[in-house]
Structure formats: C-alpha cells, structure tokens
Amino acid sequence: MNKYIKITILSLIVIVALFNTFYFEKLDAKKERESIKDFNPKEKAEYFWDNKRDDILKSAIDLKLFDSQLADNPEALIRQYGKAVGITSKYSFLVKGVAMQAAPDADEIPVTITDGHAMYNLQIKYIFGNAARDAVDYFKIDEFENSMDFNAMSTELNRLIIQREIVKLDSIQPGEMIHFIGALEIYSENKPSQIAIVPLKIEAAR
Amino acid sequence: MKLKHFVVQFTCTLLIGMSLFSCSSNKSDKTVKKIAVVISTLNNPWFVVLGETAKQRAEELGYEAVIFDSQNNPSKETEHFDNIIASGFKAILFNPTDAKGSVANVKAAKQAGIPVFCMDREIDANDVAVSQILSDNYSGCVLLGQYFVKKLKGKGSYVELLGLVGDNNTWNRSKGFHSVVDNYPDLKMAAQQTGEFDRNKAMEVMESMLQAHRNIDAVFCGNDAMAMGAYQAVNAAGKADKIMIFGFDGAADVVDAIRDGKIEATGMQFPKTMAKTAAEFADKYIKGDRDFSQKIPVAVELVTQENVGNYAAYGKAN
C-alpha cells in the first residue's frame, strides 16, 4: 500500500515539475514576439530599400499630371493617389519628374513644369518628416509595438535617402538633367504654392 | 372549498411572480450602461478637456460616464481599474499614466471582458487595447522644429524641457523636434531636463537653467503647461523679450499668449477629436462591431503668431 502511495506522490511531483518546465506556443506568435523584441529599424529600412522600393516606386505619377490635377480636381487626385495615416487632412503622393542639377552648395533643386500651377523643390540637403515613409505606404502603423518604432522608420528612411540617393548628385555636374522619383505631402484644405519633394530615387539623365 | 382556496392562492402567486418578473425585466432594460473615463491627471486643463469631452460624448450616446483621476500615479490608476472591473462598466476610455506600466491594467480589463480605448497617450502593446487614438506628436514636432529653425535663423543656444520620461509622447515630441534641429550645427542645446509636463516644476527648472546658462535664445517645451511655466520664469528674470518659447498642445492660455506675442508657437493637438472618436468606438464595440485599427494617429497643426487667428483653445476657431 505504502509503495502505491510513494509512486503516486512521485508521479505528481514529476508532473508538476514537467508542467512548469515546458510550455507550448504557436510558432507564428513566437516569431512575432521575437521580431518585436529584436526590432531593428535600420535593418527593416534597408530591407525595404533593397528589396521592395523599386517595385513600389513604379506607381509614382508624373509630376505634370499631379500639378494639373491638383489645380483642376484635388479631391479626385487625393481619392485616386493620396495616402493618409490616421485622422488627418494631410495626404502623401509618389511623383516622378525631371530637374536640372543645381550648384554644389544648394539646399534644394527647383523643378520646373511647363504651365505649372505650383512651385516644386527637390530637397537635397535636409531630409526630415514622414513624407517618404507615408508615400511608399509599405510600413503599417499597426505592425509596430509603439509609435516611436513607427517614427524610427522615417528616421532610417531619411538617412538612406541622404546616404544612397542624394550622394549621387556629387557626380552630376550643375546644369545636367536628372530623373527623380520622390514623395510629397499636401493638405486637402488648401492648395499650396510651394511644395517640397523628398527624393527616393535619383538618376542622371545621360 | 379546498380546491377554490388552492386556485385563488395559485393565481395570486402567479400574478405576483409575473409582476415581479416584469418589474425586474423592465428594470434591466432601463439600466443605463456605464463607461469609465480614466485620465492620467486632471491637474492640467488639457486633460480636463480630454476627459470632459469623452464623458459628454459617451452621455450623448446614451451611457452613464464616470471620470477617474489617476493623479499621474500608476498605483492610483491600478486602483481605478480594479474598481471599474468590479463595478460592471462596459468600456474604458483611457488616458494612461505610463506607456509600459499601464499595460497590466489594460490586460486586466481585457481579461475581465472590458474593452479599453486609449486616448492621446499610448501603451507599449498592440494587442491588449481595442484601439489607441493618438496625436501624431512626431510630425507635429517636425513642424515645430522647422519653425524653430526659421525663427532662430539656424543659430543660437537653446534649452529643452522634456515631459514625463515614461511617456512615449515625451520622446516622440523630442525626437521629432531633434530630427530637424540637429541638422543645424550652429543651434546648440545648452541643457535638457524634465519638467514632468507640469507648470510649477517647469518654472523651477527654468529658473535654474537661467542661472546656469546666461545666453539662452530659445526654449522648446514638450507641452503648453511647461511653456507657461517657462514663460513665468523668463518673464520674472526680465528676459521675456530675448528668449523665444515654443510649446505643444494648443491649450487656452498658450493660444492667448501666442496672440499676445509672449510665446512663439505651439503644436495644436485635437483632444476633442480624440475623445469623441474613443467614445464612438466604445459605443460601436458595445453594439457588436469588432473592426478597429489598433493605432490611429491624429494630425497636429502648427500654430504661430501669423496664423493664430485660425485657432481657438484645443482646436480650430469656428
């Protein structure tokens, strides 16, 4: 009888010990948990830049088309091409165009459009804000643990723009033409006269 | 006779039972559902507006709404959640005290089947609250940073008053501001210290900073209460004409101070929009809707001495 009691107590101890030693978790949940813990905005931005950027930039609209639609029918322009994050009147767009390389110490390059309505400037010195992140529409806020991580993606994308695109201008002479694809932002309640474009891709038009 | 007596007794019992059942079911139909509004602190008028608007909107939607003040104290917040969970509230409109520390409270509410909707301040988790409606602090402070650089013409010495260090808003604002300002090497930050989003604390900190740094050109404050505290200190030191002050919130006294030329600019948040959205989401959830985005940023606008006419306290002018 004593023997049976001993076996039962030992079995219970083993079960309790095993129960506290192992646990089961879905692989997806584990990976997600680890990706949050190991959040690396630099790596995430570089992955986008190297693997996803070019495909996404194919959806950029011609700056001439953007300009004329902004003047004639901004609601339709926003509806068709605008991207917004949250409750806002700010919309981001991907545009492409041509500009002339400026002097080496310039902060921006003016982009001239024949019969254009607004004035556009390609930013080539200071890059900040969320225009690039929001216009590419690749990073989704709900996928980030907090808004600081989401905003860190803007910081990293802006760094890549300077390090990988704006640097290309060093080898282009003033007066030479360049092709660009970039991001811009407008507010639905007003038609701006000056619009800044953040470059996402720059190539010499040779 | 016995049978007659039994029939009368049975009928009476049945009628009383039916009337009691009817009373109790009428009562349950008429019972007003309750929504809790938990606010980090009511010691700041901005949060009073947030809480009162959430309460008012919940009442308009047919609920009884009760405001709880956490007094910037996470333990107090936990006490409120314990009471709310025990008291049969149907939803919580929540302004947390701490991004990490408040997660456990939201989890407890979720386990009790009570949906939580964060307002203005976020928690560091994206799977416990139903939705988080937040100011886009980073973008707002990018705008403020650009204006700051313009006003200082890209050079000078400045100090920064941070908010509560455990709050993500503090860092989103600071990082948005520095993402612009740090590009200008002639803009030097002489000191950076927390004023805990509090007017009196900010005034004390600013007084010390003025003693330690004689040539400050500007102050960037993580909220408007601190901007007013900084202004008091600067004014008392006789430097109100020399030092430019920048805030963030869109509070009544700062909008007035911008209009009077005492403060340069602020970032206008829209607490009423956030509070109303949270209350409406809670109503939809209670009625069965489950389709909500986890994070919803609300745009922040730059208010300066040039465009202050377009704005009133806590929003746009009518």
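All values reported here derive from a predicted model rather than from experimental measurement. (Residues numbered from 1 in each chain as written. Chains lettered and ligands numbered in written order. Predicted model: local features only at pLDDT ≥ 70, side-chain atom pairs only at ≥ 80, totals over all residues. Heavy atoms only, no water.)

1. Considering the overall build of chain A
Then, in step 1: Each helix and strand counted, chain A has eight helices and six strands in total.
Then, in step 2: Walking chain A from its N terminus toward its C terminus, one meets helices and strands in the order α-α-α-α-β-α-α-β-β-β-α-α-β-β.
Then, in step 3: Counting across all 206 residues of chain A, residues that qualify as buried make up 40%.
Then, in step 4: Sequence separation of 24 or more characterises 70% of the internal contacts of chain A that already satisfy a separation of 6 or more.
Then, in step 5: Taken as a whole, chain A presents about 12000 Å² of accessible surface, with 55% of it coming from carbon and sulfur. (Helix = DSSP H or I, 4+ residues; strand = E, 2+ residues; numbered from the N terminus. Buried < 20%, exposed > 50% of the residue type's maximum accessible area, 1.4 Å probe, protein only. Contact = heavy atoms within 4.5 Å. Areas by Shrake-Rupley, 256 points an atom, 1.4 Å probe, with all protein chains shown as cover.)

2. Describing the confidence of the model for chain B
Then, in step 1: Residue-level pLDDT values for chain B average 92, and 91% of them are 70 or greater.
Then, in step 2: Confidence metrics for the complex model read pTM 0.82 and ipTM 0.81. (pLDDT = per-residue confidence, 0-100.)

3. So, the nonpolar core
Then, in step 1: Leu93, Phe117, Met119, Leu161, Met206 and Val219 of chain B are the most contacted members of the largest nonpolar core, which totals 61 residues.
Then, in step 2: When neighbours within four sequence positions are excluded, Leu93 of chain B is seen to be in contact with Ile35, Ala36, Val37, Val38, Ala54, Phe117, Met119, Ala278, Ala279 and Ala282 of chain B.
Then, in step 3: Residues Leu70, Phe93, Ile109 and Ala135 of chain A belong to the second largest nonpolar core, which totals 52 residues. (Core = buried A, V, L, I, M, F, W, Y, C linked by side-chain atoms within 4.5 Å.)

4. Section: the pattern of salt bridges
Then, in step 1: Within this structure, the stated rule accounts for 26 salt bridges over all chains.
Then, in step 2: Measuring nitrogen to oxygen at the nearest pair gives 3.9 Å for the salt bridge that ties Lys316 of chain B to Glu189 of chain A. Of the two residues, Lys316 of chain B is situated in strand 14 (residues 315-316) and Glu189 of chain A in the loop between strand 5 (177-187) and strand 6 (194-204); the pairing between them involves two chains.
Then, in step 3: Glu189 of chain A gets classed as partly exposed once you look at its relative accessible area, which sits at 43%. (Salt bridge = Lys/Arg side-chain N within 4 Å of Asp/Glu carboxyl O.)

5. Digging into the environment of Asp260 of chain B
Then, in step 1: By the secondary structure assignment, Asp260 of chain B is in the loop between helix 9 (252-259) and strand 10 (265-268).
Then, in step 2: Here the alpha-carbon distance between Asp260 of chain B and Gln305 of chain B, two residues 45 residues apart in the chain, equals 8.4 Å.

6. Here's the deal with the sheet that holds strand 1 (residues 61-62) of chain A
Residue and element names in this part refer to chain A.
Then, in step 1: The mixed open sheet is built from six strands, whose spatial order is 1-2-5-6-4-3. For this open sheet the edge positions go to strand 1 and strand 3 (108-111), each flanked by a neighbour on one side alone.
Then, in step 2: Two strands pair when backbone bridges link them, and strand 1 and strand 2 (residues 90-100) are joined in this way by two bridges, in the parallel orientation. Across the sheet, residue Asp62 finds its bridge partner in strand 2, namely Lys96.
Then, in step 3: Strand contacts of helix 6 (residues 74-81): strand 1, strand 2 and strand 5, with the helix running at about 95 degrees to strand 2, the strand carrying the most contacts. (Pairing = 2+ DSSP bridges. Axes fitted to C-alpha atoms, helices over the stretch in contact; angles between N-to-C directions.)

7. Some details on the environment of Tyr120 of chain A
Residues and elements named next belong to chain A.
Then, in step 1: Counting through the fold element by element, Tyr120 comes out in strand 4 (residues 119-123).
Then, in step 2: Sequence separation between Tyr120 and Ile78 is 42 residues; the distance between their C-alpha atoms is 18 Å.
Then, in step 3: When sequence neighbours within four positions are dropped, the list of residues in contact with Tyr120 reads Leu63, Phe66, Asp67, Leu70, Ile109, Pro110, Val111, Ile113, Leu184, Ile195 and Ile197.
Then, in step 4: Within the structure, Tyr120 has its side chain in polar contact with the side chain of Asp67 (distance 2.7 Å). (Polar contact = N/O pair within 3.5 Å; in protein donor to acceptor, adjacent residues only side chain to side chain.)

8. Some points on empty space enclosed by the protein
Then, in step 1: Under the defined criterion, the tally for this structure stands at three cavities of 30 Å³ or more.
Then, in step 2: Considered as a void within the structure, the largest cavity measures approximately 150 Å³ in volume.
Then, in step 3: Every residue lining the largest cavity is counted, 19 residues in all, and those nearest its centre are Thr88 and Lys90 of chain A together with Asp136, Ser139 and Ala299 of chain B.
Then, in step 4: Among the elements of the structure, strand 2 and helix 7 (131-136) of chain A together with helix 5 (137-152) and strand 11 (295-298) of chain B are those that each provide at least two residues to the lining of the largest cavity.
Then, in step 5: In terms of residue count, helix 5 of chain B provides more of the lining of the largest cavity than any other element does, three residues in total.
Then, in step 6: Class assignment for the residues of the lining of the largest cavity results in nine nonpolar, five polar and five charged.
Then, in step 7: Taken together, 16 residues make up the lining of the second largest cavity; nearest its centre are Ser147 and Asn151 of chain A together with Ser135, Asp136 and Pro297 of chain B.
Then, in step 8: Counting residues per element, the lining of the second largest cavity draws most heavily on helix 8 (residues 147-165) of chain A, at three residues.
Then, in step 9: A class-by-class count of the residues in the lining of the second largest cavity yields five nonpolar, six polar and five charged. (1 Å grid on protein atoms, 1.4 Å probe; cavity = no way out; pocket = protein on both sides within 12 Å on 5 of 7 lines; lining within 4 Å. Points joined across faces, edges and corners; volume = space filled by probe spheres on them. Nonpolar A, V, L, I, M, F, W, Y, C, P; charged D, E, K, R; others polar.)

9. Comments concerning the pairing of strand 5 of chain A
Residues and elements named next belong to chain A.
Then, in step 1: Where strand 2 meets strand 5, 11 bridges bridge the pair, whose relative direction is antiparallel. Bridge pairing in strand 5 places Phe93 opposite Leu184.
Then, in step 2: Bridge count between strand 5 and strand 6: six bridges; the pairing is antiparallel. Looking at strand 6, one finds that Gly182 is bridged to Pro199.
Then, in step 3: Hairpin connection between strand 5 and strand 6: a loop of six residues separates the two successive antiparallel strands.

10. Regarding the packing of helix 7 (residues 199-212) of chain B against helix 8 (residues 224-236) of chain B
In a packed pair of helices, the relevant descriptors are the angle between the two axes and the axis-to-axis distance.
Residues and elements named next belong to chain B.
Then, in step 1: Two elements in contact, helix 7 and helix 8, have axes separated by 7 Å at closest approach and are oriented at 45 degrees. As far as their axial angle goes, helix 8 and helix 7 are oblique. As for how helix 7 packs across helix 8, the hand of that crossing is right-handed. Listed contacts from helix 8 to Arg199, Ala202, Met203, Met206, Glu207 and Leu210 of helix 7 are Ala225, Met226, Met228, Gly229, Ala230, Gln232, Ala233 and Val234. (Parallel < 35°, antiparallel > 145°, perpendicular 65-115°, else oblique. Left-handed = near helix turned anticlockwise from the far one by under 90°.)

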